[in-house]
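# Residue-level structure breakdown
In case you want the letters, here they are:
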Amino acid sequence: MDAKDLDRTLDRMARQIVELIEPDQDPARQFGLIGMQTRGMYLARRLKSKIKKVEDLEIPFGVLDATMYRDDFRLRLKQPVVRATDIPFDITERHLVLVDDVLYTGRTIRSALDALMDIGRPGAVHCLVIVDRGLRELPICADIIGRQVPTLPGEEVRVRVNEIDDREGVWLVEHSQPSINS
Amino acid sequence: MAGYTEEKVAKEELTSLRHQHLLGLATYGADEIELILDTARQFRSVLERPIRRVPTLRGITVVNLFFESSTRTRISFELAEKRLSADTINFSASGSSVSKGETLKDTARNIEAMKIDMVVIRHKSPGAPHFLTRCVDAVVINAGDGAHEHPTQALLDMLTISDRFETFAGLNVSIIGDISHSRVARSNIYALRALGANVTLCGPRTMMPVEIEKMGARVTHRLDEALEGCDVAMALRIQMERQEARLFPSLREYHERFGIKMEHLERYSDLLIMHPGPVNRGVELASEVVDHERAVILNQVTNGIAVRMAVLFLLAGSRGEITDDD
């Protein structure tokens, strides 16, 4: 997926998010976008501005870092960096769309759900990912999916965004090979 | 192909500590201190939520070994451990096997046999935490060893300063009081120098170690000289037993010459006041100074929990990888 494909996918997903808003809901008070650190945050921000542009709806936006809730703390060799969680609204009773780049084992979403529950009690949580690469280890699924890409365990899906990567798009790479060929 | 972004990111940003233990700040680099402070800021936001607890250290057992009495440091560590969901055991010298004559090494080995992951130690002998790293496999965190170091105190001081100032570079910090007997002063000098601040030490000649300038600090024996152009003044606690040792004539005289009073706050209108606690009101600081809005003593206490959570988190992650040092 190149930058153009990614942009088209985000356009479509923005409309799908709007479809989730019920007619009697006030999005400013009852809806919210939560971007997962790091790339989910940039993707969620783009979705927010697309919704603003096309539908003229202002959707509250927050950032979540679930590092403190991960279950692989003792298994990892390298410590993940704890990044900011910043949700400037009360999530209780709100319908949230959790935005992440890749859905793989489901463990990140599991830890994100736990983190959200400690912050409040959302009315509903929907999950949006750019790529669902399969190989789930937990019973978790996404509600809005950019593209389904069946992968092998040794492979890696890399979503890259201009804001931090100085290139944009989605690449499927053999593990530990720093290649950008799809 | 070459120069793929991720390698670039990894080089720019330190993601884990190079050390396996926190014995002192003498060997910690500015990037490691910054990592601890950044992590602490995230943990501080946990302390402000309705549920002030995260499951991060679930299954990790921490023992708090306090051979020397301490209230706030022990409580602060204990709270930090509980907020991270670690299992904690408290051990204090009084009412334990130490009062029955057990050596530090034997105590440590007994703890080791009980499968402990991390040890927080306070001891009256400098170097006790270093010694401990040689007898046990656990991660060791120094909570104060004699007059050597008290690294988590200095880290919480750095966090408190960074809340008020954009950068440490060129910042003027004065440490006032009993420098000779102060592990707080020593750790703070290391941290402040590493981060690029200027340090001035001030106190009676009897409480100033010789050649302390070699640590990169300016020395003065006059309070006004220490406060002139100073951004942050850290007053150190005067331990009452020092008075018996006749290191200064009387508490009143100490307060007259080295105590920070309202007149100083008036004269230096931007001066920020810090103190590691517990404060002797009317000795290091005048009572009105302690309660002044420019005294951030209670912010230091809150930051202490966040910093200790960050240190526990970052060092717990280093377990298993035997890489370096100490």
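Computed from a predicted structure; not experimentally measured. (Residues numbered from 1 in each chain as written. Chains lettered and ligands numbered in written order. Predicted model: local features only at pLDDT ≥ 70, side-chain atom pairs only at ≥ 80, totals over all residues.)

Before going further, it helps to examine the overall build of chain B. Helix and strand counts for chain B come out as 13 helices and nine strands. By its C-alpha atoms, chain B is 60 × 55 × 45 Å across when sized along the principal axes. Within chain B, contacts between residues at least 6 apart in sequence are counted, and of these 75% link residues at least 24 apart. (Helix = DSSP H or I, 4+ residues; strand = E, 2+ residues; numbered from the N terminus. Contact = placed C-beta atoms within 7 Å.)

With that out of the way, let us pick up the domain arrangement of chain B. All names here are of chain B. Segmenting chain B into domains produces domain 1 (5–149 + 303–316) and domain 2 (151–297). Between domain 1 and domain 2, the C-alpha centre-to-centre distance is 25 Å. Facing the 26 residues of domain 1 at the interface are 19 residues of domain 2. Taken together, the elements giving at least two residues each to the side of domain 1 that touches domain 2 come down to helix H2 (30–47), strand E4 (139–145) and helix H13 (297–316). Counting residues per element, the side of domain 1 that touches domain 2 draws most heavily on H13, which supplies six residues. The class makeup of the residues in the side of domain 1 that touches domain 2 is 14 nonpolar, eight polar and four charged. (Domains from an automatic or database assignment. Nonpolar A, V, L, I, M, F, W, Y, C, P; charged D, E, K, R; others polar.)

With that settled, the discussion passes to the sheet that holds strand E3 (residues 118–123) of chain B. Residue and element names in this part refer to chain B. One open sheet holds the four strands; their spatial order is E2-E1-E3-E4, and the pairing between them is parallel. Each edge of the sheet is formed by a strand with only one pairing partner; in this case those strands are strand E2 (87–92) and E4. This sheet shows a mean twist of 15° between the axes of neighbouring strands, independent of strand direction. As paired strands, strand E1 (residues 61–66) and E2 are joined by six bridges and run parallel to one another. (Pairing = 2+ DSSP bridges. Axes fitted to C-alpha atoms, helices over the stretch in contact; angles between N-to-C directions.)

Residues and elements named next belong to chain B. Grouped together as the largest cluster of nonpolar side chains are 141 residues, with contacts concentrated most on Met118, Val119 and Leu312. The biggest single contributor to this core is H13, with 12 residues. Two domains each donate at least three residues to this core, and these are domain 1 (5–149 + 303–316) and domain 2 (151–297). Residues contacting Val119, with those up to four places away along its chain left out, are Val63, Leu65, Ile111, Leu132, Val136, Ala138 and Val140. (Core = buried A, V, L, I, M, F, W, Y, C linked by C-beta atoms within 7 Å. Buried ≥ 20, exposed ≤ 12 C-beta atoms within 10 Å, placed from the backbone.)

All names here are of chain B. When pLDDT is averaged along chain B, the result is 89; 91% of the residues meet or exceed 70. The low-confidence segment residues 320–326 (pLDDT under 50) makes 12 contacts with residues lying over four places distant or belonging to another chain. In the model output, the complex is listed with pTM 0.88 alongside ipTM 0.80. (pLDDT = per-residue confidence, 0-100.)

A word on the sheet that holds strand E9 (residues 272–274) of chain B. Residue and element names in this part refer to chain B. Overall, parallel pairing links the five strands, which are arranged E7-E6-E5-E8-E9 in an open sheet. Each edge of the sheet is formed by a strand with only one pairing partner; in this case those strands are strand E7 (217–220) and E9. Going across the sheet, the axis of each strand differs from the next one's by a mean of 20°, ignoring polarity. Here three bridges tie strand E8 (residues 232–235) to E9, and the two strands are oriented parallel to one another. Counted as the bridge partner of Val232 is Leu272 from E9.

Residues and elements named next belong to chain B. Its 14 residues place the ends of helix H6 (residues 151–164) 21 Å apart at the C-alpha level, agreeing with the 20 Å of an ideal helix rising 1.5 Å per residue. Burial analysis of H6 places 11 of its 14 residues in the buried class, the great majority of the element. Turning to H6, its buried residues are Pro151, Thr152, Gln153, Ala154, Leu155, Leu156, Asp157, Met158, Leu159, Thr160 and Ile161. (Expected span 1.5 Å × (residues − 1).)

With that settled, the discussion passes to unusual backbone geometry. Of note, the amide linkage connecting A:Gln37 to A:Thr38 takes the cis form, showing an omega dihedral of 0°. The residue A:Thr38 is located in the loop between strand E1 (31–36) and helix H3 (39–55) in this model. For the bond from B:Gly277 to B:Pro278, the omega torsion is -10°, close enough to zero to count as cis. Mapped onto the elements, B:Pro278 comes out in the loop between E9 and helix H12 (287–290). Positive phi values are uncommon outside glycine, yet A:Asp56 reaches one of about 55°. Inspection of the secondary structure assignment puts A:Asp56 in the loop between H3 and strand E2 (61–64). Owing to 7 C-beta atoms within 10 Å, A:Asp56 belongs among the exposed residues under this scheme.

This part takes up the environment of B:Ala143. Residue and element names in this part refer to chain B. Counting through the fold element by element, Ala143 comes out in strand E4. For Ala143, a count of 25 C-beta atoms within 10 Å corresponds to the buried category. Spatially, the C-alpha atoms of Ala143 and Val120 are 6.2 Å apart, while their sequence positions differ by 23 residues. Once residues within four sequence positions are removed from consideration, Ala143 is found in contact with Thr73, Phe77, Val120, Ile121, Arg122 and Thr152.

The next point concerns the pairing of strand E5 (residues 172–176) of chain B. Residues and elements named next belong to chain B. The buried fraction of E5 amounts to four of the five residues, a majority that puts the element mostly inside the structure. Relative to strand E6 (residues 198–202), E5 is paired through five bridges, and the arrangement is parallel. Opposite Val173, over in E6, you have Val199 as the bridge partner. Viewed along the sheet, the connection from E5 through helix H7 (residues 183–195) into E6 turns out right-handed. In this structure, E5 lies alongside E8, joined through four bridges in parallel fashion. Counterpart to Ile176 in the pairing with E8 is Ala235. (Right-handed = clockwise from strand over helix to strand, strands pointing away.)

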